[in-house]
Amino acid sequence: MSTEALVRLDHVTFGYGGEPVLKDVNHVVEAGAFTGVVGPSGSGKTSLLRLLLGTEQPQHGTVTRAPGTAVSYVPQLETVNWNFPVTVGECVLMARRTRRVLPWATAEEKTEVAAVLDRLGIADLARRHIRELSGGQQQRMFIARALLRRPQLLLMDEPTSGVDVATRHEVLHLLDELNRDGLAILLTTHDLNGMAAHLPHLVALNTRVIASGSPAEVIVPDVLERTFGARMEVLQHLGMPVVVDSGAGRLGVAG
Amino acid sequence: MIDTLLEPFQYQFVVNGMYAAVLAGALCGLLGVFITLRGMSYIGHGLSHAVFGGYAAAPLLGLPIVLGAGAWGLGSALLINVVARSRRIGADAAIGVITTASFALGVALLTRFGTKGPAFDALLFGSINGVGRDELLLLLGALLFAAVTFTALYRAFLFTTFDPDVADVSGISVKRMDALLMLVLSVSILATLTIIGVTLVAATLVIPAVVVRMLTDSFSRMLWASTALGAAAGAIGMYLSYHLAIPSGTTIVLVNALAFVVVLLATGPRGLRRAAGMDDHSDVPAVAPVAAVR
């Protein structure tokens, strides 16, 4: 394995008993990478995350993690019970492993939580109930929880799913900052224009890796059709590809 | 007047019943926080029915009742977990099939062969009678077991209750934590069954936790407040049971229900909103402040 590689997938095939959801997938997550995995529902994106996390094992092929590589995971905001009785500080502290028998946090743990919340700009929200946060603050809280484990690689499942445009911008900026600080990030997304087009590296996935490269190489009609099974047009705007879904035509117009 | 109020405490069986009700209420109140927040309220109802089958079957198998019924309950709980996790049948359906079958078996065995243990009515609705040293020790042991387990593994239980998927990838064995919770639950139901009864255990698991959820947004505060409310409702319910000559499980549940109504009226929409989404994992998040594009 290259010294730069954090996790490497070699000829990985994986499934849940029936037809494989991933076939012969090769991918290397390098230190400092910032990669988006795009693909339709059921294309194997979440399974890929599980393999990278090590919670699932491939049926064929190998997943190799560099020794000492810590991987953290941020779930989709939509899957979380925001009414759960917990504060921002308590939520972040959950990720801190402890061998102590007593349940309350030590002074050292409190300092660690305060530092990571401060780094993400939400230090003043530590005592707030999680329901009181905005979408961007919720994402920051989960990233803070993930960072508490001091990972080299951060995996995120649809980080901008269900959020508005301003929150999406906020999340993109935050991830960019973390990546510039040296954190490798791999995220899944459905959002080609709002998310994928802004990332430095993309993987188009539909059971197999269809294409891998820069947005200019991946967001092209041929790759999109093979990935999503639908014809899409791609325009250029300010040097970035913009996907136009023209396949359905214009509805509700007589004649 | 005072003599009438203090009259129950002249009798050792009432005093024992009072101790038992406080311990049982505290135990169910504590466990109820995890059960309700995990959306598993139905499992308390189901497991109590499963343990009932164990009560009936244990003497016929030549086993001590507590051991046999406990093993039966734990076996049912683990079987529910396995069936539910296989995803071939839903958790609710798994609980329904396994526990009601066990209950039906218990009724059949008791009807056909009778019982050497607690009376049929006492098992169904709870009883102030027959609380001796052994029952109190079992309750105390179950409460200590639960308290030590939840204290020592507080953070892991909190994480797996709030966010099991992320807990799993963060190095916590969710399966092990689930199994441990099932063990604590089975032991607790076994210990409380003769005080509260098969048909009413579920209510004492659920109501105190729901009531305190309406009052607080803090998980740790919920734990001790639900424990305290369960204990208080147990004591008051047991006391009323003596005076009203109604099965103890019934009065304990009614006191809990009264607390629910009072707190609901006192907290209004805010309390209702807190309790309404206790086990909901599908809320769409709020929207965010503005930021510029990269």
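It should be emphasised that the depicted structure is a prediction, and the values quoted were computed from it without experimental measurement. (Residues numbered from 1 in each chain as written. Chains lettered and ligands numbered in written order. Predicted model: local features only at pLDDT ≥ 70, side-chain atom pairs only at ≥ 80, totals over all residues. Heavy atoms only, no water.)

(A) Looking closely at the pattern of salt bridges. Following the criterion strictly, the structure yields 16 salt bridges over all chains and no others. Note that Glu225(A) and Arg231(A) form a salt bridge whose closest N and O atoms lie 2.7 Å from each other. For Glu225(A), a relative accessible area of 33% puts it in the partly exposed group. Residue Arg231(A) is classed as partly exposed on the basis of its relative accessible area of 49%. What emerges from the salt-bridge pattern is a single network uniting Arg131(A), Arg213(B), Asp217(B) and Arg274(B). (Salt bridge = Lys/Arg side-chain N within 4 Å of Asp/Glu carboxyl O. Buried < 20%, exposed > 50% of the residue type's maximum accessible area, 1.4 Å probe, protein only.)

(B) Region of interest: the interface of chain B and chain A. Contacts between the two partners involve 41 residues from chain B and, on the opposite side, 51 residues from chain A. On the surface where chain B and chain A come into contact, there are three salt bridges. A salt bridge links Asp217(B) to Arg131(A), with the nearest nitrogen and oxygen atoms 2.8 Å apart. One can count nine residue pairs in polar contact (both at pLDDT 80 or more) joining chain B with chain A. Ranked by residue count, the leading element in the side of chain B that touches chain A is helix α8 (residues 154-162) of chain B, at six residues. (Contact = heavy atoms within 4.5 Å. Polar contact = N/O pair within 3.5 Å; in protein donor to acceptor, adjacent residues only side chain to side chain. Helix = DSSP H or I, 4+ residues; strand = E, 2+ residues; numbered from the N terminus.)

(C) Layout of the side chain of Arg274(B). Residue and element names in this part refer to chain B. As for its position among the elements, Arg274 is in helix α13 (residues 248-276). By relative accessible area, Arg274 is classed as buried at 8%. In terms of polar contacts, Arg274 uses its side chain to reach the backbone carbonyl oxygen of Met214, at 3.1 Å.

(D) Structural detail: the packing of helix α11 (residues 201-215) of chain B against helix α12 (residues 219-244) of chain B. Residues and elements named next belong to chain B. Viewed as axis vectors pointing N to C, α11 and α12 meet at an angle of 130°, and their least axial separation amounts to 9 Å. When the axes of α11 and α12 are compared, the pair comes out oblique. Crossing of α11 against α12: the hand is right-handed. Judged by residue contacts, Pro208, Ala209, Val211, Val212 and Arg213 of α11 engage Met222, Ala225, Ser226, Leu229 and Gly230 from α12. (Axes fitted to C-alpha atoms, helices over the stretch in contact; angles between N-to-C directions. Parallel < 35°, antiparallel > 145°, perpendicular 65-115°, else oblique. Left-handed = near helix turned anticlockwise from the far one by under 90°.)

(E) Representation of the sheet that holds strand β9 (residues 208-213) of chain A. All names here are of chain A. If you walk across this open sheet you meet the six strands as β5-β6-β7-β3-β8-β9, and the pairing is mixed. The outermost strands of the open sheet, each flanked by one partner alone, are β5 (71-74) and β9. With direction set aside, neighbouring strand axes in the sheet form an average angle of 20°. Both strand β6 (residues 153-157) and strand β7 (residues 184-189) contribute to a ladder of five bridges, which runs parallel. By the bridge assignment for β7, Asp157 is matched with Thr188. The strands that helix α5 (residues 165-180) touches are β3 (34-38), β6 and β7; relative to β7, the one it contacts most, it runs at about 150°. Against the sheet, helix α7 (residues 221-228) contacts β3, β8 (201-206) and β9, and its axis sits at roughly 40° relative to β8. (Pairing = 2+ DSSP bridges.)

(F) Region of interest: the sheet that holds strand β1 (residues 5-14) of chain A. All names here are of chain A. Taken together, three strands build an open sheet; the order of strands is β2-β1-β4 and the sheet is antiparallel. Strand pairing shows two members of the sheet lacking a second neighbour, β2 (22-30) and β4 (60-65), which therefore form its edges. Adjacent strand axes in the sheet meet at a mean angle of 10°, parallel and antiparallel pairs treated alike. As defined by bridge partners, β1 adjoins β2 across six bridges and the pair is classed as antiparallel. Bridge pairing links Leu9 to His27 in β2. In this fold helix α1 (residues 45-53) packs onto β1, β2 and β4, with an angle of close to 125° to the strand it touches most, β1.

(G) Inspection of a nonpolar patch on the surface at higher detail. All names here are of chain B. Residues Met1, Ile2, Leu5, Leu6 and Phe9 make up a contiguous nonpolar surface patch of roughly 540 Å² in combined accessible area. Here Phe9 lies in the loop between α1 (2-6) and α2 (12-37). Assessed through its relative accessible area of 40%, Phe9 is described here as partly exposed. (Patch = residues over 30% accessible without salt bridge, like charges linked within 9 Å, V, L, I, M, F, W, Y side chains within 5 Å. Areas by Shrake-Rupley, 256 points an atom, 1.4 Å probe, with all protein chains shown as cover.)

(H) Molecular detail of the side chain of Ser218(B). Structurally, Ser218(B) can be placed in the loop between α11 and α12. Here Ser218(B) falls in the buried class, since its relative accessible area comes to 9%. Residues within four places of Ser218(B) in sequence aside, it is in contact with Pro85(A) and Glu90(A).

(I) Geometry of the pairing of β3(A). All names here are of chain A. The buried fraction of β3 is high, at five of five residues. The side-chain alternation of β3 yields two buried faces, one formed by Phe34, Gly36 and Val38 and the other by Thr35 and Val37. As defined by bridge partners, β3 adjoins β7 across five bridges and the pair is classed as parallel. Looking across to β7, one finds that Val37 is bridged to Thr188. Bridge count between β3 and β8: four bridges; the pairing is parallel.

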